[in-house]
Amino acid sequence: MAKYYDVHPDNPQPRAIKQVVDLIRADGLIAYPTDSCFALGCRLGNRDGLDRIREIRHLGTGHHFTLVCADFAQLGQFVQINNASFRAIKAATPGSYTFILPATKEVPRRLLHPRKRTVGVRIPDHTVTQALLAELGEPLLSSTLLLPDEEEPLTQGWEIKERLDHVLDAVLDSGECGTVPTTVVDFSDGGPEILRVGAGDPSRFE
């Protein structure tokens, strides 16, 4: 059964955040809120967690996983960014964007796109997510909580707990999340290519 943590959206209780992070460090899989919608998350080196995300979402090997980072310094450890991309990405973060970039050697091979050796990264503009990342001290390996054959992500923490109780270790809830996933921008070939229009304004990359 998944543990359920209901935290304040602006002042999340440190004790609850610490308990969730302890579960993540013990290779647990959580559902948590972001500035776009709920996501599934686990520790970067959690191979079982990665497999569980794939199973819950029915994902193939070509899926881009996302490293959710606390800030730009952390993001820079895991992806290679040229000068032109740096300015554009820096100006759009934190925010509801996911950027596809060539990965550094810090990223486990099993997380990379099999052909392109790329990975998704983002810096969310969300108080609870940032509290989680600050306590964890490393990125969260994440994927949008969008179930197979459903058009929209789940938006209510209690519903996530109800439907995924048997496959999650914790649900972190801070109120209703949105239903629109991030805007995805691919910088892996140099210039920006918009792969998905979502919550972030795509016009700055057009």
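The rules behind each value
- Residues numbered from 1 in each chain as written.
- Predicted model: local features only at pLDDT ≥ 70, side-chain atom pairs only at ≥ 80, totals over all residues.
- Heavy atoms only, no water.
- Helix = DSSP H or I, 4+ residues; strand = E, 2+ residues; numbered from the N terminus.
- Rg over C-alpha atoms; globule rule 2.2 N^0.38 Å.
- Buried < 20%, exposed > 50% of the residue type's maximum accessible area, 1.4 Å probe, protein only.
- Contact = heavy atoms within 4.5 Å.
- Lys, Arg positive; Asp, Glu negative; His and termini not counted.
- Charge placed at Lys NZ, Arg CZ, Asp CG, Glu CD.
- Core = buried A, V, L, I, M, F, W, Y, C linked by side-chain atoms within 4.5 Å.
- Salt bridge = Lys/Arg side-chain N within 4 Å of Asp/Glu carboxyl O.

Enquirer: Lay out the overall build of the protein with the relevant residues and their values.
Expert: In terms of regular secondary structure, the protein is built from six helices and ten strands. Against the 2.2 N^0.38 benchmark of 17 Å for 206 residues, the protein shows a C-alpha radius of gyration of 16 Å, consistent with a compact globule. Oriented by its inertia axes, the alpha-carbon framework of the protein measures out at about 45 × 35 × 30 Å. Burial statistics for the protein: of 206 residues in total, 54% are counted as buried. For the protein, long-range pairs separated by at least 24 residues make up 66% of all intrachain contacts whose partners lie at least 6 apart in sequence. If the 22 positive side-chain charges of the protein are averaged to one point and the 28 negative ones to another, these points end up 9 Å apart.

Enquirer: Mind laying out the nonpolar core, listing which residues take part and the relevant values?
Expert: Counting 42 residues, the largest nonpolar core has Leu67, Phe99, Leu145, Ile160 and Leu168 as the members making the most contacts within it. Sorting the residues of this core by element identifies β3 (39-43), α2 (47-57), α3 (72-75), β5 (97-102), β6 (118-122) and α6 (157-164) as the ones contributing at least two each. Excluding residues that lie within four positions of it along the chain, Leu168 makes contacts with Met1, Ala2, Leu29, Ile30, Ala31, Leu40, Arg52, Ile56 and Ile160. Ile17, Val21, Ile30 and Ala39 belong to the second-largest nonpolar core, a separate cluster that totals 18 residues.

Enquirer: Just give me the short version of the pattern of salt bridges, but keep the residues and values in it.
Expert: Applying the stated criterion across every chain yields a total of nine salt bridges. With a shortest N-O distance of 3.2 Å, Asp22 and Lys18 are connected by a salt bridge. Of this pair, Asp22 and Lys18 both sit in helix α1 (residues 14-25), four residues apart, which is roughly one turn of that helix. Note on Asp22: relative accessible area 35%, which makes it partly exposed. Residue Arg163 pairs with Glu159 through a salt bridge whose shortest N-O separation is 3.6 Å. One end of the pair is Arg163 and the other is Glu159, both in helix α6 and four residues apart, which spans about a single turn. Under the relative-accessibility criterion, Arg163 is labelled partly exposed at 34%.

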